[in-house]
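Below are the chains, spelled out letter by letter.
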Amino acid sequence: MLKRVSFLLAAVIFATFALTTFLSVPAVAEPIKLNYANFPPAPTFPCVQMERWKEEVEKRTSGKVAIKTFPGGTLLDAKAMMDGVIGGQADIGCLCMAYQPGRFIVTNATSLPLDLPNAKVASLTLWDLYNQYKPDEFSQVKVLTMFATAPSNLMTKKPVRTLADIKGMDIRASGGAGEILKAWGANMVGMPMSATPEALQKGVVQGLFSSLEVMKDFKYAELCRFVTMTDTVIYPFAVVMNMDSWNRLPDDVKKVMDDLGAEQALWTGEYMDAHVKESMDWSKETYNVEVIQFSDDEKAEWNKLLEPMVDKWIADATAKGLPGEKIIQDIKTISKKHAE
Ligand code: DTR
């Protein structure tokens, strides 16, 4: 009897040992949770790229990281983005650098009239430029990626065919591109994209100046039945991360994010270029939007008015101790390389 009890006891001890040692499932670690803030509504391109990045990071880290996204300014709005991320209100934030021309001088040089041909070339150029200069204004954050819009065009309620048509017209832009509208004689009304639908609805502005994917994504085609192709400047964006949140990440997660930097710039540029085409097809089909193309002479007149802008930027940047001339030259060289 005693023998049987001790045998049973030994069997139980052995089974427990075997279960815990060989069969035990390692405790499932809680995923690292990160908040990602964005300012425009969910269907727009900054948020589409955000969802793509989230999915890729979660997939490539095998669920080690869980990212919660906040589109539509629900966590941080356009103007609070950079400081909100520095201060830790969000772990990650997407910002339009062109909204703060004086804060991001080097990277905003890409939004000068330098003929960057499309979002893909502009995004790759911007990412290279950032990595070459690593400007001080980013020293408090980890930069995860950068990308740019397609070139900007005019979307208006009334047709703009000549410089006389745009004179005095209230048109919305933001940041450095506002100077372009002023140079053409428009009355520039400055506001971020997120405030524009209401301004158009209420008639505060008669049109806007931006890349054309917004005709569909914000349904501007409903109100703006005319598009004038100026193919002017791109807008540069950055995705930045709070430095403490970055430093807390394990090395393998950091590597996944680092490896995604250039890839995400390319993905977003290509997405944007394709989406502009889709948006314009939709606008023409749904609202019969007219696309106005300049003659060569008309285009030359419009471009001439922008010529002083680059020289002025170089002078201002140089006065602030930056190699203004070299930055412009580098943008031209890098973009030419990517365009080829
Ligand atoms: N062109 C800039 C930036 C921009 C272009 N498309 C979107 C969509 C959502 C937010 C910002 C932007 C602008 O006009 O603000």
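Residues numbered from 1 in each chain as written. Predicted model: local features only at pLDDT ≥ 70, side-chain atom pairs only at ≥ 80, totals over all residues. Heavy atoms only, no water.

Asks: Please explain the overall build of the chain as it appears in this structure.
Replies: Across its full length, the chain carries 14 helices and eleven strands. Whereas a compact globule of 340 residues would reach a radius of gyration of roughly 20 Å, the chain reaches 26 Å, over 25% beyond that. Across its three principal axes, the chain shows a C-alpha extent of roughly 110 × 50 × 35 Å. Within the chain, the proportion of its 340 residues that are buried is 50%. Relative to all contacts within the chain whose residues are 6 or more apart in sequence, the contacts with residues 24 or more apart total 75%. (Helix = DSSP H or I, 4+ residues; strand = E, 2+ residues; numbered from the N terminus. Rg over C-alpha atoms; globule rule 2.2 N^0.38 Å. Buried < 20%, exposed > 50% of the residue type's maximum accessible area, 1.4 Å probe, protein only. Contact = heavy atoms within 4.5 Å.)

Asks: How should I be thinking about the site of the ligand in this particular structure?
Replies: The local shell around the ligand holds 16 residues, among which Tyr99, Arg172, Ser210, Glu213 and Tyr235 are the closest. Between Arg172 and the ligand, the recorded distance is 2.7 Å, taken from a side-chain N or O atom to an oxygen atom. Contacts to the ligand include Ser210, whose side-chain N or O atom sits 3.0 Å from a nitrogen atom. According to the grid-proximity analysis, the pocket containing the ligand is the largest cavity. The set of elements that each furnish at least two residues to the shell around the ligand consists of helix 2 (45-60) and strand 8 (207-210). Formed jointly, the shell around the ligand draws a minimum of three residues from each of two domains, domain 1 (32-150 + 234-282 + 321-339) and domain 2 (153-232 + 284-304). (Near = heavy atom within 4 Å. Polar contact = N/O pair within 3.5 Å; in protein donor to acceptor, adjacent residues only side chain to side chain. 1 Å grid on protein atoms, 1.4 Å probe; cavity = no way out; pocket = protein on both sides within 12 Å on 5 of 7 lines; lining within 4 Å. Sits in = over half its atoms within 2 Å of the grid points. Domains from an automatic or database assignment.)

Asks: I would appreciate a short explanation of the packing of helix 5 (residues 119-133) against helix 14 (residues 324-339) in the present structure.
Replies: The geometry of a pair of packed helices is captured by two quantities: the angle between their axes and the separation between those axes. Relative to each other, helix 5 and helix 14 sit at 135 degrees, their axes nearing to 9 Å. It follows from the interaxial angle that helix 5 and helix 14 lie oblique. The way helix 5 lies across helix 14 gives a crossing that is right-handed. Counted together, Val121, Leu124, Thr125, Asp128, Leu129, Gln132 and Tyr133 of helix 5 and Lys326, Ile327, Asp330, Ile331, Ile334, Ser335, Lys337, His338 and Ala339 of helix 14 form the full contact between these two elements. (Axes fitted to C-alpha atoms, helices over the stretch in contact; angles between N-to-C directions. Parallel < 35°, antiparallel > 145°, perpendicular 65-115°, else oblique. Left-handed = near helix turned anticlockwise from the far one by under 90°.)

Asks: Quick question: what am I supposed to make of the nonpolar core here?
Replies: As a rule of thumb, soluble globular proteins bury nonpolar side chains together. Counting 88 residues, the largest nonpolar core has Phe138, Phe209 and Met257 as its most contacted members. A per-element tally of this core places helix 11 (residues 251-287) first, with eight residues. Of all hydrophobic cores here, the second largest spans 18 residues; its members include Ile105, Val106, Leu112 and Ile327. (Core = buried A, V, L, I, M, F, W, Y, C linked by side-chain atoms within 4.5 Å.)

Asks: Could you clarify how one ought to interpret the packing of aromatic side chains in this entry?
Replies: Each aromatic ring pair is characterised by the separation of its centres together with the angle its planes make. Under the criterion given, the structure shown has 15 aromatic pairs. Between Phe39 and Tyr99, the aromatic rings sit 5.7 Å apart at their centres with planes inclined by 65 degrees, giving edge-to-face as the arrangement. A residue pair is termed long-range when its members are at least 10 positions apart, and Phe39 in the loop between strand 1 (32-37) and helix 2 and Tyr99 in the loop between strand 3 (92-96) and helix 4 (105-108) qualify at 60 residues. Overall, Tyr99 belongs to the buried group, its relative accessible area being 13%. Measuring from centroid to centroid gives 5.2 Å for Phe218 and Tyr220, while their planes differ by 5 degrees, and the two rings are stacked. With respect to class, Phe218 is no different from Tyr220; both count as buried. A connected cluster of aromatic rings, assembled from ring pairs, spans Phe39, Phe45, Tyr99, Phe147 and Phe237. (Phe/Tyr/Trp six-rings, centres within 6.5 Å; stacked < 30°, edge-to-face > 60°.)

Asks: Can you walk me through the side chain of Asn242 in this structure?
Replies: Tracing the sequence through the fold places Asn242 in strand 10 (residues 236-242). Here Val85 takes part through its backbone oxygen, which lies 2.8 Å from a polar atom of the side chain of Asn242. Contact partners of Asn242, with chain neighbours within four places excluded, come to Val85, Ile86, Gly87, Gly88, Ala90 and Asp91.

Asks: Explain the pattern of salt bridges to me, please; I cannot follow it from the model alone.
Replies: Between side chains of opposite charge, a pair can form when the charged atoms approach closely. Tallied over the entire structure, the rule returns 19 salt bridges. A salt bridge links Glu270 to Lys120, with the nearest nitrogen and oxygen atoms 3.5 Å apart. With Glu270 in helix 11 and Lys120 in helix 5, the pair connects residues that are 150 residues apart, well separated along the chain. Look at Glu270 and you get partly exposed, because its relative accessible area is 38%. In this structure, the salt-bridge partner of Lys216 is Glu278, at a minimum N-O distance of 3.5 Å. Of the two residues, Lys216 sits in helix 9 (residues 214-217) while Glu278 sits in helix 11, which places them 62 residues apart along the sequence. Exposure remark for Lys216: the relative accessible area of 22% places this residue in the partly exposed category. (Salt bridge = Lys/Arg side-chain N within 4 Å of Asp/Glu carboxyl O.)

Asks: Looking at this structure, I do not really get the environment of Pro71. What am I missing?
Replies: Locating Pro71 in the fold gives a position in the loop between strand 2 (65-70) and helix 3 (81-86). The class for Pro71 is partly exposed, based on a relative accessible area of 25%. Here the alpha-carbon distance between Pro71 and Ala90, two residues 19 residues apart in the chain, equals 12 Å. In contact with Pro71, not counting residues within four places along its chain, are Asn38, Pro40, Pro41, Ala42, Cys47 and Met50.

Asks: Looking at this structure, how should I read empty space enclosed by the protein?
Replies: The method is simple in principle: a probe with the dimensions of a water molecule rolls over the atoms, and the space it marks as empty is what remains. Throughout the structure, instances matching the rule amount to one cavity of 30 Å³ or more. Estimates place the volume of the largest cavity at around 160 Å³. Surrounding the largest cavity, 17 residues form its lining, Phe45, Tyr99, Met193, Ser210 and Phe237 being those nearest its centre. At the level of elements, helix 2 and strand 8 are the ones that each hand at least two residues to the lining of the largest cavity. Residue classes in the lining of the largest cavity are distributed as eleven nonpolar, four polar and two charged. Looking at the lining of the largest cavity, you find at least three residues from each of domain 1 (32-150 + 234-282 + 321-339) and domain 2 (153-232 + 284-304). (Points joined across faces, edges and corners; volume = space filled by probe spheres on them. Nonpolar A, V, L, I, M, F, W, Y, C, P; charged D, E, K, R; others polar.)

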